[in-house]
Amino acid sequence: QVQLVESGGGLVQAGGSLRLSCAASGRTFSSYVMGWFRQAPGKDREFIAAISRGGLNTYYADSVKGRFTISRDNAKNTVYLQMNSLKPEDTALYYCAASGRGASLPTSPIAYDYWGQGTQVTVSS
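Residues numbered from 1 in each chain as written. Predicted model: local features only at pLDDT ≥ 70, side-chain atom pairs only at ≥ 80, totals over all residues. Heavy atoms only, no water.

### Some remarks on the overall build of the protein
Within the protein, the regular secondary structure consists of 0 helices and 11 strands. Counted from the first residue to the last, the protein has its helices and strands arranged as β-β-β-β-β-β-β-β-β-β-β. Residues classed as buried in the protein amount to 44% of the 125 residues present. Of the contacts formed within the protein by residues at least 6 apart in sequence, a portion of 58% connects residues at least 24 apart. (Helix = DSSP H or I, 4+ residues; strand = E, 2+ residues; numbered from the N terminus. Buried < 20%, exposed > 50% of the residue type's maximum accessible area, 1.4 Å probe, protein only. Contact = heavy atoms within 4.5 Å.)

### Some thoughts on the state of the cysteines
Following the criterion strictly, the structure yields 1 disulfide and no others. One disulfide bridge connects Cys-22 with Cys-96, the sulfur atoms lying 1.9 Å from each other. Classification of the bridge connecting Cys-22 and Cys-96 rests on its S-S torsion, roughly 45°, and on that basis the disulfide is right-handed. With a gap of 74 residues between them, Cys-22 in strand S3 (residues 18–24) and Cys-96 in strand S9 (residues 92–99) connect regions that are remote in the sequence. With relative accessibility at 0%, the residue Cys-96 sits in the buried group. (Disulfide = S-S within 2.5 Å.)

### Digging into the packing of aromatic side chains
Tallied over the full model, the rule gives 7 aromatic pairs. Seen from their ring centres, Phe-37 and Trp-115 are 5.0 Å apart, and the 55° between their planes marks the pair as tilted. In this pair, Phe-37 is assigned in strand S4 (residues 33–39) and Trp-115 in strand S10 (residues 114–115), connecting sequence segments 78 residues apart. You can call Phe-37 buried: its relative accessible area is 0%. (Phe/Tyr/Trp six-rings, centres within 6.5 Å; stacked < 30°, edge-to-face > 60°.)

### Focus: the sheet that holds strand S8 (residues 78–83)
Ordered by their spatial adjacency, 4 strands build an open sheet running S1-S3-S8-S7, and the pairing between neighbours is antiparallel. The open sheet has two edge strands, strand S1 (4–7) and strand S7 (68–73), and neither has a second partner. Within the sheet, the average angular offset between the axes of one strand and its neighbour, ignoring direction, is 15°. Bridge count for S3 against S8 is 6 bridges, and the pairing is antiparallel. Bridged to Leu-18 within S8 is Met-83. (Pairing = 2+ DSSP bridges. Axes fitted to C-alpha atoms, helices over the stretch in contact; angles between N-to-C directions.)

### Points about the environment of Arg-27
Here Arg-27 shows up in the loop between S3 and S4. Sequence-wise, Arg-27 and Asn-74 are 47 residues apart; in three dimensions their C-alpha atoms are separated by 9.7 Å.

### So, unusual backbone geometry
Although it is not a glycine, Asn-77 sits at a positive phi angle of roughly 55°. Relative to the assigned elements, Asn-77 resides in the loop between S7 and S8. Asn-77 sits in the buried class, given a relative accessible area of 18%. Notably, Ser-85 is not glycine yet its phi reads approximately 50°, a positive angle. Locating Ser-85 in the fold gives a position in the loop between S8 and S9. The class for Ser-85 is partly exposed, based on a relative accessible area of 41%.

Written as structure tokens, this is what we have:
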């Protein structure tokens, strides 16, 4: 069982930056692939980024590639999402998720076993 708590969301102007954090409970954090997703009102949950258990491999959605960076600190049981050059279309509720299955970096929400409650990011134009 893993409990995830996101933080770091807020209101920012277009072009600005935010850093999201996701703190995990439990002693097995390093055994999970971690991912970030977002969901805007009226839209499906969208994959943003994923990171391997050891942090060496990452994968990004085309919509955020070059602007967002996922990282993790297994000693602190925390995964991060650094978001730069934010755009109004990045406005959404951002979730972190943990996947305990396989060695790949899944992009589908159904591949993730545990979810946080979300943190709101609003980008003004």
